[in-house]
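# Results of the structural survey
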Amino acid sequence: MSEPGGPAAGDKAPRLQDRVLGGVRWGRLQEPLGFVKVLEWLFAIFAFGACGSFSGETGATVKCDSETKEMSVISIQFGYPFRLYQIPFEMPDCEGEAETRTLHLVGDFSAPAEFFVTLGVFSFLYTMAALVLYLRFHSLYGENKKLPIADFCITVCFAFFWLVAAAAWGKGLSDVKAATWPASLIATMAVCQGQEVVCNAGATPAMGLANISVTCAGFLSSAGRGQWKHAHMRSMAPTPTGPTGRRTIPAPPQDPPQPQGTPTAGLFGFINFLLWAGNCWFVLKETPWQAQAAPRDSAAEQGAIDKQ
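A quick note: this is a predicted structure, and the numbers were derived from the prediction, not measured.

### Topic: the sheet that holds strand 2 (residues 72–79)
Pairing is antiparallel across the open sheet formed by three strands, whose spatial order is 2-1-5. Only two strands of the sheet have a single partner each, and these edge strands are strand 2 and strand 5 (198–201). Across the sheet, the mean angle separating the axes of adjacent strands is 20° when strand polarity is ignored. Of the pairings in the sheet, the one linking strand 1 (residues 55–63) to strand 5 comprises four bridges and is antiparallel in character. Its bridge partner being in strand 5, Ala60 is matched across the sheet by Ala201.

As structure tokens, then:
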């Protein structure tokens, strides 16, 4: 039995929760340092999520010039971490006795992708820990002069790493698109070099979240394809060809190879760089270096006023 006027057993959990959350000063999220930390936390999730869930599909169609063989459809799935040389696919053999031959895609782009994702995970963990320290233990952050200095040095390092990671993954993503484009796939297939073999592009790589691009870039890319098709439709009028004067209509060509827009993962990488680089100034203001500079400036101004 509990003593009269004493706390009930059921009140221990709520009071413990109040003690933990009661010291959190949510108003500090409205300050530049706290607000930018939240943005860094969110965009770190977007960055490694967009890159880590990156997936695509490419393919081609192969038709041997024979009435007994049908068209063969090649479909290849690929994704993170982009070790393309480990992804096999079956290529039809139009000349040999074997029905198919096993080939692999070309390239290994795992280094920039894994570096990008790892940096995003570490940024997520660090900003979460920094937010807990800044919101719940801000007095410790202000009294211990070493914490702001360490925070400033880590912020500068993250800003530099995000610049390197964004540039490296942007280049790596371009290489992935070039290696998995249907035209590149057809060029590496020996069967397509035959004179009687017809090879056409299959599925265009769908880049998943990394290809949810900037609206303007995607619109311009779609508009460019529309203008190209419209110009081709105007050139499809029947024209007399051959000695017999028969009128033929050219078959509509495939879409020209075009990039799928601005990758969101690369965009998030440069946004993270701007956030971390801009946050360096707000963290610097919390360090003793900036705090010591302010009194000196004010003392110099006061001395100039006294002389006047």
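### What about the confidence of the model for the protein?
In this model, the protein carries a mean pLDDT of 73, and residues with pLDDT of at least 70 account for 64%. Taking the mean pLDDT of every element in the protein, the minimum, 35, falls on helix 7 (residues 215–234) and the maximum, 93, on helix 3 (residues 110–136). Residue range residues 211–262 is modelled with pLDDT below 50. Its contacts to residues more than four positions away, or to other chains, number 49 contacts. Across residues 294–305, confidence stays below pLDDT 50; counting only partners more than four residues off in sequence or on other chains, it has zero contacts.

### Here we look at the state of the cysteines
For the coordinates displayed, the defined rule picks out one disulfide. The disulfide partner of Cys192 is Cys199, and the gap between their sulfur atoms is 2.1 Å. Note on the Cys192 and Cys199 pair: the S-S dihedral is about -95°, so by sign convention the disulfide is left-handed. Like Cys199, Cys192 is buried. Just so you know, Cys280 is unpaired, no disulfide at all, and the nearest cysteine sulfur is the one on Cys157, 9.3 Å from it.

Rules of the game
Residues numbered from 1 in each chain as written. Predicted model: local features only at pLDDT ≥ 70, side-chain atom pairs only at ≥ 80, totals over all residues. Heavy atoms only, no water. Pairing = 2+ DSSP bridges. Helix = DSSP H or I, 4+ residues; strand = E, 2+ residues; numbered from the N terminus. Axes fitted to C-alpha atoms, helices over the stretch in contact; angles between N-to-C directions. pLDDT = per-residue confidence, 0-100. Contact = heavy atoms within 4.5 Å. Disulfide = S-S within 2.5 Å. Buried < 20%, exposed > 50% of the residue type's maximum accessible area, 1.4 Å probe, protein only.

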